[in-house]
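# Structural description and commentary
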Amino acid sequence: MELTILFSIALALLFIHEMDAIRNKEWQMFIGLRDLSDETAYRFFLLLHIPLYVVALFLVIYGSGKMGFYLVDMFLILHTIIHYLFRRHPKNKLTNRLSKVIINSAGCSALIHLIMFSLR
C-alpha cells in the first residue's frame, strides 16, 4: 500500500508539473512549438498531454505486471534529468522554487518507488 501511495504522489506531481508548464509556457523551449504563436502552441502543447496521460494511466492500470510501473518511474526520472539539463535554457520559466520542488520531487519519488518496487 505504501508503494502505491508513493507512486500516486509521483504521478500527481507529474500532472501538477504539466499544469505549471502550461502556465509558464514551456512550449517555448521546444523546437517546432516555439515558432508558433502562443495561442497555437498552447493548444498543441495542451492537447499533446492527452496521449501522455492516457499512456501513463494505461501502463499503470493495464500494464503487464511490474512493467507499467517501471516505465512510468523511468519516464519521471528521465523527465527530471532533462529539466536539470535545460535549467539554463533562455526560455525556461520553470525556475522558481515551487516549480523546481515539484519537478525534483516527482523524480525523487519515482526513483524511490522504482528501487523499493524492484526489491519487492
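Presented here is an overview of the structure given in this document. (Residues numbered from 1 in each chain as written. Predicted model: local features only at pLDDT ≥ 70, side-chain atom pairs only at ≥ 80, totals over all residues. Heavy atoms only, no water.)

## Some words on the nonpolar core
The biggest cluster of nonpolar side chains holds 17 residues, and the ones touching the most others in it are F7, L11, V72, L76, A110 and F117. For this core, the secondary structure elements donating two or more residues are α1 (2-23), α3 (67-85) and α4 (97-119). At six residues, the largest contribution of residues to this core is made by α1. Ignoring sequence-local partners within four residues, the contact set of L76 consists of A10, L11, L14, A106, G107 and A110. The next biggest cluster of nonpolar side chains, apart from the first, holds eight residues, and it includes L33, A41, F45 and I103. (Core = buried A, V, L, I, M, F, W, Y, C linked by side-chain atoms within 4.5 Å. Buried < 20%, exposed > 50% of the residue type's maximum accessible area, 1.4 Å probe, protein only. Helix = DSSP H or I, 4+ residues; strand = E, 2+ residues; numbered from the N terminus. Contact = heavy atoms within 4.5 Å.)

## Quick word on α1
With 22 residues, α1 extends 32 Å from end C-alpha to end C-alpha; this agrees with the ideal 32 Å at 1.5 Å per step. For α1, every residue scored as buried is listed here: L3, L6, F7, A10, L11, L13, L14, H17, E18, D20, A21 and I22. Lining the buried residues of α1 we find α2 (38-62), α3 and α4. A positive phi of about 55° marks K25, the residue just after α1. (Expected span 1.5 Å × (residues − 1).)

The values are spatial; any link to function lies outside them.
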